[in-house]
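Below are the chains, spelled out letter by letter.
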Amino acid sequence: MSWWDDVDGDADEDEPYGQYDESSVRVRPNPKGNRPRTKVRPTYDDAPTGWVTNVDRGRFGVLIEDRVVTATKARELGKKSVVTGDTVFLAGDVSGSEGSLARIVRVAERTTLLRRSADDTDEVERVIVANATQMLIVVAAADPEPRTRLIDRYLVAAFDAGLDPVLCITKTDLADPAPFLAHFDCLDVRIVTSRSDSFPLDALHEVLDGQVTVTVGHSGVGKSTLVNALTGSTRATGVVNAVTGRGRHTSSSSIALQVRDGGWIIDTPGVRSFGLGHVDPANVFRAFAAHAIPVAEPRDGIPLDQAHDWEIVDRVHAGELGPTGIERLDSFRALLTGMGAADPSTE
């Protein structure tokens, strides 16, 4: 017989649950305490700050003053990414001693952001580096052969991110870089050249001093060798496959290294493609002509946001740039149309 079988409504001693009343019920305490949850979260304004030097499988190396602290991303950051070059706020153990682990609780506003996507139609971006000031584009004069259209993509990404591009041509003892460099005559881009057996360290230090420079380049162009010479690092270097003519990836993640005579250089993994699906087509123009910027007034009834100074188009049509200019225009058109923008030659 159970308590609901008490047909007379009077709890009796011989009825199993009749001896209990409401006052006998035990109330479980709230395991999280009785205080209501607050929506106020700490701002961490006074938390120690650091600079992310590398990312490795969910662990971050963060430079604080003269020591590198290992940290993990705090839960409150959610899906917000943390990348090399970020300035971050930390909580927890920031001593940097062996076995210690801090938490990244906040990411400071970024001044620049270098990104790439899987291809030109993919709007999902992959953040590579934050807060860099310039991009060192490393390309070999030969072995592997230079790819002008990949360099065009680097230039577009640099201008889109707000970085100043610098071209570094390696292995100039293997081939004359002049024909390749002619493609970029219409741009005001700083150029540094080097041989297979030596690097112009003085010229490079002048470029890198006081800057945070991100390096990009096709695999096998000598990028890691260059970084090692500038920083004293011993990162692995690769060779070019004699059959395919392609380089082997030697860097698997981005890492910031201090340049011996000043500045920081961020070595990134070599890539064979660089998608620009995230880039505003308006930022493509600057990579192809020194004055390819939006005009001040609408032209021929074209809305202001669609009117541009098509310098490279005009110069090619005028015959000023020759065959090289035609190749540049073809690359320009391919990039724009691949991103869904209008073909400038039909404007």
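Residues numbered from 1 in each chain as written. Predicted model: local features only at pLDDT ≥ 70, side-chain atom pairs only at ≥ 80, totals over all residues. Heavy atoms only, no water.

Student: Sorry, what's going on with the overall build of the chain here?
Tutor: Looking only at helices and strands, the chain has 6 helices and 13 strands in total. Long-range contacts, defined here as pairs at least 24 residues apart, represent 64% of the contacts in the chain between residues at least 6 apart. Split by element, the accessible area of the chain, about 19,300 Å² in all, is 48% carbon and sulfur. (Helix = DSSP H or I, 4+ residues; strand = E, 2+ residues; numbered from the N terminus. Contact = heavy atoms within 4.5 Å. Areas by Shrake-Rupley, 256 points an atom, 1.4 Å probe, with all protein chains shown as cover.)

Student: I keep staring at the side chain of S100 and nothing clicks. Help me out?
Tutor: Take S100: it is sitting in the loop between β4 (87-92) and β5 (102-107). Polar side-chain contacts of S100 include one of 2.6 Å to the backbone oxygen of S97. Residues in contact with S100, not counting those within four places in the same chain, are T70, D93 and S95. (Polar contact = N/O pair within 3.5 Å; in protein donor to acceptor, adjacent residues only side chain to side chain.)

Student: What is the right way to look at the environment of D160 in this model?
Tutor: Here D160 is to be found in helix α1 (residues 148-161). For the pair D160 and R115, spaced 45 residues apart in sequence, the C-alpha separation works out to 9.0 Å. Residues in contact with D160, not counting those within four places in the same chain, are R115, H278, V279, D280 and N283. Side chain to side chain, D160 and R115 meet in a polar contact 2.9 Å long.

Student: I would appreciate a short explanation of the nonpolar core in the present structure.
Tutor: For soluble globular proteins, the rule of thumb is that nonpolar side chains tend to be buried together. In this structure, L114, M135, I151 and L167 are the most contacted members of the largest nonpolar core, which totals 44 residues. Among the secondary structure elements, those contributing two or more residues to this core are β7 (125-130), β8 (134-140), α1, β9 (164-170), α2 (178-181), β11 (212-217) and α6 (322-338). Not counting the four nearest positions on each side in its chain, L114 is found in contact with R126, V127, I128, V129, M135, A157, A161, L163, V214, V216 and F274. (Core = buried A, V, L, I, M, F, W, Y, C linked by side-chain atoms within 4.5 Å. Buried < 20%, exposed > 50% of the residue type's maximum accessible area, 1.4 Å probe, protein only.)

Student: Would you mind showing me how to read the packing of helix α3 (residues 201-208) against helix α4 (residues 223-231) here?
Tutor: Working note: a packed helix pair is described by the angle between its axes plus the distance between those axes. It is the contact of α3 with α4, at a shortest axis distance of 11 Å, that shows an interaxial angle of 85°. With respect to each other, α3 and α4 are oriented roughly perpendicular. Between α3, through L201, L204, H205 and L208, and α4, the contact on the second element is made entirely by L226, A229 and L230. In terms of residue class, the contact of α3 with α4 is made up of 6 nonpolar, 1 polar and no charged. (Axes fitted to C-alpha atoms, helices over the stretch in contact; angles between N-to-C directions. Parallel < 35°, antiparallel > 145°, perpendicular 65-115°, else oblique. Nonpolar A, V, L, I, M, F, W, Y, C, P; charged D, E, K, R; others polar.)

Bear in mind that shape data such as this cannot, by itself, settle questions of function.
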